[in-house]
Amino acid sequence: MSDAPTQVLPGLRAPATRGPRPPKSHLRAWLAWLGLLAYGAVVLAATMSPTPLDSGYRGAIDKVLAVLHRNGLPTRIDYPEVEFGANVLMFIPLGFFIGLVLPRIAVWAGIFVVPALSGAIEFIQGQLLAERFSTLQDVLANSLGGWTGLLIAMIIRAVVHARDEKVVARALWEIRR
């Protein structure tokens, strides 16, 4: 009576099993690795390009902000805030995939992995790319985005785990009837 299904419903005996335990599905991990590799390539392309992504678009961005300011966007939201927000948004998927790739017992390591990746990117930008510059504000924005994605992944994993436990408990209840 030490298997997980019997712990879900105390007093219920698990049916006799025949043969080895079924293998675990690794679909989540495979899909998460594929997503992490694909999105990691996008992040590397965006952050390691010799020129900033907004190069040549600053005037257009300022015009869009002027229109938004005339239509109710607070004037305190200007280009630096848009850039900060873009950095946050860019790292949400990265944190999400890291949260799915790591085993559940080690998902806390993502709290340190995300700022380390961001710091490495900013360091390389500052050292090797003449037109790029690195700031602690970028590391903070990237970390906030990565941590948000990590939290979303943890919540989804917890919800799926709880659902799976209910499905197993229901199946055992059906067998008992």
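Rules and cut-offs
Residues numbered from 1 in each chain as written. Predicted model: local features only at pLDDT ≥ 70, side-chain atom pairs only at ≥ 80, totals over all residues. Heavy atoms only, no water. 1 Å grid on protein atoms, 1.4 Å probe; cavity = no way out; pocket = protein on both sides within 12 Å on 5 of 7 lines; lining within 4 Å. Points joined across faces, edges and corners; volume = space filled by probe spheres on them. Helix = DSSP H or I, 4+ residues; strand = E, 2+ residues; numbered from the N terminus. Nonpolar A, V, L, I, M, F, W, Y, C, P; charged D, E, K, R; others polar. Expected span 1.5 Å × (residues − 1). Bend = angle between axes of the 7 residues up to and from the residue. Buried < 20%, exposed > 50% of the residue type's maximum accessible area, 1.4 Å probe, protein only. Contact = heavy atoms within 4.5 Å. Phe/Tyr/Trp six-rings, centres within 6.5 Å; stacked < 30°, edge-to-face > 60°. Lys NZ or Arg CZ within 6 Å of the ring centre and 35° of its normal.

Peer 1: How should I be thinking about the layout of surface pockets in this particular structure?
Peer 2: Once rolled over the atoms, a probe with the size of a water molecule shows which space is left empty. If you add up the space inside the second largest pocket, you get close to 580 Å³. For the second largest pocket, the lining is made up of 22 residues, of which Leu 53, Asp 54, Tyr 79, Glu 83 and Asn 87 are closest to its centre. Listed by contribution, the elements that provide at least two residues to the lining of the second largest pocket are helix 2 (27–47), helix 3 (58–70), helix 4 (79–101), helix 5 (110–128) and helix 6 (136–176). If one sorts the elements of the lining of the second largest pocket by residue count, helix 4 sits on top with 7 residues. Class assignment of the residues belonging to the lining of the second largest pocket gives a composition of 11 nonpolar, 4 polar and 7 charged.

Peer 1: It is not clear to me how helix 4 should be interpreted in this structure. Could you clarify?
Peer 2: Every α-helix carries 3.6 residues per turn, so stepping three or four residues along brings you back to the same face. Helix length check: helix 4 (23 residues) gives 34 Å between terminal C-alpha atoms against 33 Å at 1.5 Å per residue, within 8%. Roughly 25° is the biggest bend found in helix 4, and it falls at Ile 92, with proline Pro 93 one to four residues downstream. Along helix 4, the positions that sit buried rather than exposed are Tyr 79, Asn 87, Val 88, Met 90, Phe 91, Leu 94, Gly 95, Phe 97, Ile 98, Gly 99, Leu 100 and Val 101. Elements in contact with the buried residues of helix 4: helix 2, helix 3, helix 5 and helix 6.

Peer 1: It is not clear to me how the packing of aromatic side chains should be interpreted in this structure. Could you clarify?
Peer 2: Think of a pair of aromatic rings as described by two things: how far the centres are apart, and how the planes are tilted against each other in angle. Overall, the coordinates contain 2 aromatic pairs when judged by the stated rule. Ring centres of Trp 108 and Phe 112 lie 6.1 Å apart, and the angle between their planes is 80°; on these two criteria the pair is classed as edge-to-face. Residue Trp 108 shares its accessibility class with Phe 112, and that shared class is exposed. Its end group placed over the ring of Tyr 79, Arg 58 keeps NZ or CZ at 3.8 Å from the ring centre.

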